[in-house]
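Single-letter residue listing:
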Amino acid sequence: MSSSTPTLPAHYALTRAQFIFSLVSLVAAFLALGALGLRIVMGLHLWQWWVPLSCVGGIAAADFASGLIHWGADTWGSDDLPVIGRRLLVPFRIHHLNPDDLLQRRFIDANGDPAFLVLPVLLGLCVVPIETSGGGPAAVFGFMLCGIGMMTNQIHKWAHMPSPPKLIRTLQRCGVLLGRAEHAAHHEQPYDVHYCITTGWCNRPAEAIQFFRRLETMITFLTGAHPRDDDRRYMRRYRNPLPAPNARHG
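The rules behind the values
Residues numbered from 1 in each chain as written. Predicted model: local features only at pLDDT ≥ 70, side-chain atom pairs only at ≥ 80, totals over all residues. Heavy atoms only, no water. Helix = DSSP H or I, 4+ residues; strand = E, 2+ residues; numbered from the N terminus. Contact = heavy atoms within 4.5 Å. Core = buried A, V, L, I, M, F, W, Y, C linked by side-chain atoms within 4.5 Å. Buried < 20%, exposed > 50% of the residue type's maximum accessible area, 1.4 Å probe, protein only. Phe/Tyr/Trp six-rings, centres within 6.5 Å; stacked < 30°, edge-to-face > 60°. Lys NZ or Arg CZ within 6 Å of the ring centre and 35° of its normal. pLDDT = per-residue confidence, 0-100. Axes fitted to C-alpha atoms, helices over the stretch in contact; angles between N-to-C directions. Parallel < 35°, antiparallel > 145°, perpendicular 65-115°, else oblique. Left-handed = near helix turned anticlockwise from the far one by under 90°.

Novice: I'd love a proper account of the side chain of H70, names of residues and values included.
Specialist: Mapped onto the elements of the fold, H70 is located in helix α2 (residues 50-75). Other than its neighbours up to four places away in sequence, H70 contacts F92, H186, Y195 and I197.

Novice: Give me the lowdown on the nonpolar core, citing residues and values where you can.
Specialist: Residues A29, L36, L122, M150 and I155 are the most contacted members of the largest nonpolar core, which totals 32 residues. Looking at this core, the elements with two or more residues in it are α1 (16-43), α2, α4 (107-125), α5 (135-149) and α6 (152-160).

Novice: Could you give an account of the environment of P52, naming the residues involved and the relevant values?
Specialist: As for its placement among the helices and strands, P52 is situated in helix α2. Residue class for P52 comes out partly exposed when judged on its relative accessible area of 48%. C-alpha of P52 to C-alpha of F141: the two residues are 89 residues apart in sequence and 9.4 Å apart in space.

Novice: Talk me through the packing of aromatic side chains; I want residue IDs and the actual numbers.
Specialist: With the rule as written, the count across this model stands at 6 aromatic pairs. With a centroid separation of 5.0 Å and an interplanar angle of 55°, the aromatic rings of F21 and F116 are classed as tilted. Of this pair, F21 sits in helix α1 while F116 is found in helix α4, placing the two residues 95 residues apart along the sequence. Measuring from centroid to centroid gives 6.3 Å for W71 and W76, while their planes differ by 85°, and the two rings are edge-to-face. The same class applies to W71 and to W76, which are both buried. Of the aromatic side chains, those joined through ring pairs into one cluster are F64, W71, W76, Y195, F211 and F212. One Lys or Arg, R86, reaches over the ring of Y12 and ends 4.0 Å from the middle of that ring.

Novice: Could you give an account of the confidence of the model for the chain, naming the residues involved and the relevant values?
Specialist: Per-residue pLDDT for the chain has a mean of 90; in total, 93% of the residues score no lower than 70. Counting interchain partners and residues more than four positions distant, the pLDDT-below-50 stretch residues 1-5 has 2 contacts. Residue range residues 244-250 is modelled with pLDDT below 50. Its contacts to residues more than four positions away, or to other chains, number 11 contacts.

Novice: Account for the packing of α2 against helix α10 (residues 211-223), naming residues and giving values.
Specialist: Relative orientation of the contacting elements α2 and α10 amounts to 45°, with a least axis distance of 12 Å. Taken together, the axes of α2 and α10 lie oblique to each other. You can see that α2 and α10 cross each other, and the crossing is right-handed. For the pair formed by α2 and α10, the contact residues are F64, G67, L68, W71 and T75 on the first element and F211, F212, R213, L215, E216 and I219 on the second.

This is how it looks when you write it as structure tokens:
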């Protein structure tokens, strides 16, 4: 490597305390998911017409939620903000400069935070009375939302693998999980499309109605903040500047 070429940034190593926190979050989330699944199997007639609709709806909601979080972390905030700067925003800044760094992260490193986020939802769903007309659909919807949502980082990681496991490749080809080709559009500068990284189902509808662009316009009008300013500054530190704010790619 030329001495003039900067070293690409990499995700920081978790401290022992952060590793334990992530491990406990994953174990607790999987246990809560299993408990919810058992309640559903034991308490519901799964051949009812609304079950597949609740399943598909939960998966779609997980994909849309992944897009909102991804868009928010890519677009707003500064990497030096207390707590969320290093923990949340810096990994997104690094990922645009060094996408393959994600492949080096261990399962616990990558998935602990999403597990922690869904855990309160799962615990709440575990006490929802599923025998009611609304409780059953809510439980199935939430099971799928949390079950696939907590694996978003792993699914994202698989979408960067040249050769993921065979079952994952099959699910990617079927459009059940985000695929490598679908996600590649996000990694074209200025990194402002295809934010949904669970299944990718919501990407084309969101782009068709300019959902995220409209949100950005509204936030800029209300606050004066400009989207992706911090991402550009982070890029310039590594001599890889993004286009001007109004530049668009085809």
